[in-house]
Protein chains: 2
Amino acid sequence: MTSNAMLVPVTTVPPTLPPSGRPAGSTVARLAGVSQKTVSRVFNDEPYVSAEVRERVLRAAEQLGYRPNSAARALTSGRTRRLGVVWLGSALYGPAQMLVGLERAARDLGYSVSLAATTQGETGSVDAAIGSLLSQGVDGILLSEPVDDQPQLRLTSQVPVVSLGRLTTASGTDVEIATQDWAAAAALATRHLLDLGHRTVHHVRGPQTWWAARDRERGWRQALHETGREVPPPLQGDWTAASGYAAGRAVLGRPEVTAVFAANDEMALGVVRAQLEAGRDVPGDLSVVGFDDVPSAAFFTPPLTTIRQDFDTDVHTAVERLVARIEDRAVAADATGWHPELVVRSSTAAPRT
Amino acid sequence: MTSNAMLVPVTTVPPTLPPSGRPAGSTVARLAGVSQKTVSRVFNDEPYVSAEVRERVLRAAEQLGYRPNSAARALTSGRTRRLGVVWLGSALYGPAQMLVGLERAARDLGYSVSLAATTQGETGSVDAAIGSLLSQGVDGILLSEPVDDQPQLRLTSQVPVVSLGRLTTASGTDVEIATQDWAAAAALATRHLLDLGHRTVHHVRGPQTWWAARDRERGWRQALHETGREVPPPLQGDWTAASGYAAGRAVLGRPEVTAVFAANDEMALGVVRAQLEAGRDVPGDLSVVGFDDVPSAAFFTPPLTTIRQDFDTDVHTAVERLVARIEDRAVAADATGWHPELVVRSSTAAPRT
DNA sequence: TTGCTACGATCCCCTTCAGGA
DNA sequence: ATCCTGAAGGGGATCGTAGCA
């Protein structure tokens, strides 16, 4: 590139940075005296760049504050290295904890995260969220809590989708499910109460649109069936302590109810509160087990017996599978290394005889 | 550019859809018998497209499953219509609730959300998160809980940044702060206890890296100063019930401690638990006030007196300001329509005389 | 190592065509 | 007729990067 003075172009190039407002790779290239392609090579760790050139490019980039334009990158490569997460917009412990894990797992694999929240009880909001994510051009989608009456999931053919929960309508979609069977954990809780000598166990379940609620209810039923107990009709809750409180009041006049398994810790707290407020004793008059082991559960009064959840395991394998499908790699055999665990505290005891 | 048959290129164009794997606007244009530019017009609601042509384009797009490529759009326009949120990866109620509000507010304004979590206590993680978001090409950044020892915020000059909390190091950065003064709310809690007749109020504070913790401590100090009370050294917590429990145990042997204001509800729960476990009564022997009014607080034993937070107000104005700056609009005067509110339940009472 | 080019959209500017002055 | 104005739509350059020769 021998440039003689005569040919210096008329095009007075301003230190161009529109419209992104940021320097481009070509600017870096000019400063470093190399081609734009070489700059690209350096930033993608491609071979055939001498250490010296690499160094020069990096210095020039540093000086200009250059960083690769992800939009341009996405345009040519067809991939964004971004995952979409369909999240139930809720400050509930479970979903929040899952989101934390998802973000971290994605980041560890070199992906960023776009969030699309759904609104509970709003029909079609899962589909809307998926549509929004597809428009943003994510490489894959995670369904963190696919709460919906009838998600159509029509749009899923475009990118891989992994769900962290079983769907009510799994009709022929190629959505992959990555989750453990929480029914086993619920059975654990139920058996704990039976082992203490309770005749049967009542259940405060969560909203039926949540797979987590359905799983837990199923586990409770199984445990009762296996031991030949009567299966009382479940009490309906909505995850909140208030709904647990309502359920707790509902059983106040029924002395045959001696043990309750609530589908999460907040509802268990509500059940307990209803008893204490009515002058009954927990666990003396009623044993209560929760689910999740929220960090505060150990400090409830009485400290709550519950099932410890480990969201991270499920979440990690889900993200790994999704990324594997995106990158067309073989899916690693799932290493379900972790098992739900019963944490016995002081809200359960043998029934009064 | 007259092309005679001889020059018709060898390039047999396949029904192209690489590398995005999705049909492009030009494909839609061909099917609809219009130019690519017209397709662009239709999808941007630009004028000068007849109703009939618009209809034809939309039908063709529908048929092909076309949706505009956001990467290409971002490349030419220089904006992504995405906001970056720096989030403390934590399932704590406050941050989770804020995130819910942020997503919704952004969506309402036509922006999507990219998430970058920070790791508590990891130096430079706020800067790393910001860097990651900038690399993704967000139009603006929200700092939801700027927890860091010394965030450098060097990179902020590139896009507008709005913080939901006061920063420890506000050194000359053009970060805008959008938040109410929570000190007033903390003062409210403190005065409630003083009004009940307590000599002074002890405080379990949160981590000093959190602005929320600093604000609340400041409000507590102010209330004590204004009424000429002694300001006891604060007890240090970390937001968890466990840390509140430790603080609660620490004051067990000190009968002069009759009232505690904890910086959040979980720590308050821990304080209460330590008392009850030791056979002391709440509020009989110790009054306790929390902060946040988490949904479960009403079902603690005893039901917790606390300050009701409304995250939505702050969050909405923050997002609105950020978007206004992005779009170079005048910033609307902030309408602080909401005031923190004391919720009196059963964990506070007059001291024993 | 380097150019050249494509990726898919936007932006600026152009042409065409009615209809009215 | 000439000129103009506004609607309707097209053409080409361009954004910043990665693939191919």
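Residues numbered from 1 in each chain as written. Chains lettered and ligands numbered in written order. Predicted model: local features only at pLDDT ≥ 70, side-chain atom pairs only at ≥ 80, totals over all residues. Heavy atoms only, no water.

- The name recorded for chain A in an unreviewed UniProt entry is LacI family DNA-binding transcriptional regulator, from Kineococcus halophytocola.

### Some words on the protein's contact with DNA strand C
Here is step 1: Surveying the vicinity of DNA strand C reveals 27 residues, the closest of which are Thr 38, Arg 41 and Ser 50 of chain A together with Gly 25 and Ser 40 of chain B.
Here is step 2: When the atoms of DNA strand C within 4 Å of the protein are grouped by moiety, sugar and phosphate amount to 66% of the total.
Here is step 3: Here Asn 44 of chain B contributes a side-chain N or O atom positioned 3.0 Å from a phosphate oxygen of DNA strand C.
Here is step 4: At the level of secondary structure, the elements contributing two or more residues to the surface near DNA strand C comprise helix H2 (36–43) and helix H4 (70–77) of chain A together with helix H2 (36–43) and helix H4 (70–77) of chain B.
Here is step 5: Here the surface near DNA strand C is built from residues that sort into 12 nonpolar, 11 polar and four charged. (Near = heavy atom within 4 Å. Polar contact = N/O pair within 3.5 Å; in protein donor to acceptor, adjacent residues only side chain to side chain. Helix = DSSP H or I, 4+ residues; strand = E, 2+ residues; numbered from the N terminus. Nonpolar A, V, L, I, M, F, W, Y, C, P; charged D, E, K, R; others polar.)

### With respect to unusual backbone geometry
Here is step 1: Between Thr 301 of chain A and the following residue, Pro 302 of chain A, the backbone shows a cis peptide bond with an omega angle of -5 degrees.
Here is step 2: In this fold, Pro 302 of chain A is placed in the loop between strand E9 (287–289) and strand E10 (306–308).
Here is step 3: Residue Val 282 of chain B is joined to Pro 283 of chain B through a cis peptide bond whose omega torsion reads 10 degrees.
Here is step 4: Mapped onto the elements, Pro 283 of chain B comes out in the loop between helix H10 (265–277) and strand E9 (287–289).
Here is step 5: Although it is not a glycine, Asp 292 of chain A adopts a positive phi angle of roughly 125 degrees.
Here is step 6: Note on placement: Asp 292 of chain A falls in the loop between E9 and E10.

### Notes on the interface of chain B and chain A
Here is step 1: Taken together, the 55 residues of chain B in the interface contact 55 residues of chain A.
Here is step 2: Interface area, chain B with chain A, both sides summed: about 4300 Å², of which 59% is carbon and sulfur.
Here is step 3: Here chain B is connected to chain A by zero salt bridges.
Here is step 4: Linking chain B to chain A there are 19 residue pairs in polar contact (both at pLDDT 80 or more).
Here is step 5: Elements supplying a minimum of two residues to the side of chain B that touches chain A: H4, strand E1 (82–88), helix H5 (93–108), strand E2 (112–118), helix H6 (125–136), helix H9 (241–250) and H10 of chain B. (Contact = heavy atoms within 4.5 Å. Buried area = accessible area lost by both parts, 1.4 Å probe. Salt bridge = Lys/Arg side-chain N within 4 Å of Asp/Glu carboxyl O.)

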